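Geometric and topological summary
Here's the letter readout for the chains.
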Amino acid sequence: FKAPDYEKYPCIPLAFRAGRKGGTMTCALNAANERANELFRAGRFDFFGIPKVIEQTMDAHEKDGWLAEPTLEDILAIDQWAREQVDVEAERLAKEDKVLAS
């Protein structure tokens with residue numbers, strides 16, 4: 001087998017990170033990935049925006065909200081939170097891109 005191409009597939013390291021962290025991080029990753037892909041398909045950012053907003057969402061979750069042994073209610077709440085956080089991160093990314101383009 002060949003080693004994964006992390007440049008071509010930048011979300012692979014994020015999946016490894018979520019798996020190593022465990023707990024609610026895998027839920028946050030999954031929800032963030034689903035929402036980021038929705039926004040990508042809607043034209044909100046380019047392909048490389050996907051891992052950016054996922055990573056930012058994971059960072060925010062790790063700092064405030066990560067649980068090692070979640071309940072079902074915790075998982076449902078984290079899923080909703082991560083989807084909303086991706087929207088926040090997408091707005092931040094759009095503002096950064098406008099500043100960079102100026």
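Not measured: the values here are computed from a predicted model.

**So, the environment of P70**
- Within the secondary structure, P70 sits in the loop between α3 (49-63) and α4 (72-101).
- We classify P70 as partly exposed; its relative accessible area is 27%.
- Remark: the alpha-carbon pair of P70 and G23, spanning 47 residues in sequence, is separated by 6.6 Å.
- Setting aside residues up to four positions removed in sequence, P70 forms contacts with G23, T24 and I75.

**As for the nonpolar core**
- If you look at the biggest cluster of nonpolar residues, it comprises 15 residues, and the most contacted ones within it are L29, A36, F45, V53, I54, M58 and V86.
- If you list the elements that add at least two residues to this core, you get α1 (12-21), α2 (25-41), α3 and α4.
- Sorting elements by how many residues they give to this core places α2 first, with five residues.
- Ignoring sequence-local partners within four residues, the contact set of F45 consists of A36, L39, F40, I50, V53, A90 and L93.

**Considerations on α3**
- Taking 1.5 Å per residue as the helical rise, α3 with its 15 residues ought to reach 21 Å, and the 21 Å between its terminal C-alpha atoms agrees with that figure.
- Of all the residues in α3, the buried ones are G49, I50, P51, V53, I54, T57, M58 and H61.

**Side note on the pattern of salt bridges**
- Evaluated as defined, the whole model comprises nine salt bridges.
- Here E62 makes a salt bridge to R17, at a shortest N to O gap of 2.9 Å. A residue pair is termed long-range when its members are at least 10 positions apart, and E62 in helix α3 and R17 in helix α1 qualify at 45 residues.
- Taking the shortest distance from any N to any O, the salt bridge between E38 and R35 comes out at 2.8 Å. One end of the pair, E38, and the other, R35, are both in helix α2, three residues apart, so they sit about a helical turn from each other.
- Its relative accessible area of 34% is what places E38 among the partly exposed residues.

Procedures and definitions
- Residues numbered from 1 in each chain as written.
- Predicted model: local features only at pLDDT ≥ 70, side-chain atom pairs only at ≥ 80, totals over all residues.
- Heavy atoms only, no water.
- Helix = DSSP H or I, 4+ residues; strand = E, 2+ residues; numbered from the N terminus.
- Buried < 20%, exposed > 50% of the residue type's maximum accessible area, 1.4 Å probe, protein only.
- Contact = heavy atoms within 4.5 Å.
- Core = buried A, V, L, I, M, F, W, Y, C linked by side-chain atoms within 4.5 Å.
- Expected span 1.5 Å × (residues − 1).
- Salt bridge = Lys/Arg side-chain N within 4 Å of Asp/Glu carboxyl O.

All quantities given are derived from atomic positions and should not be read as evidence of function.
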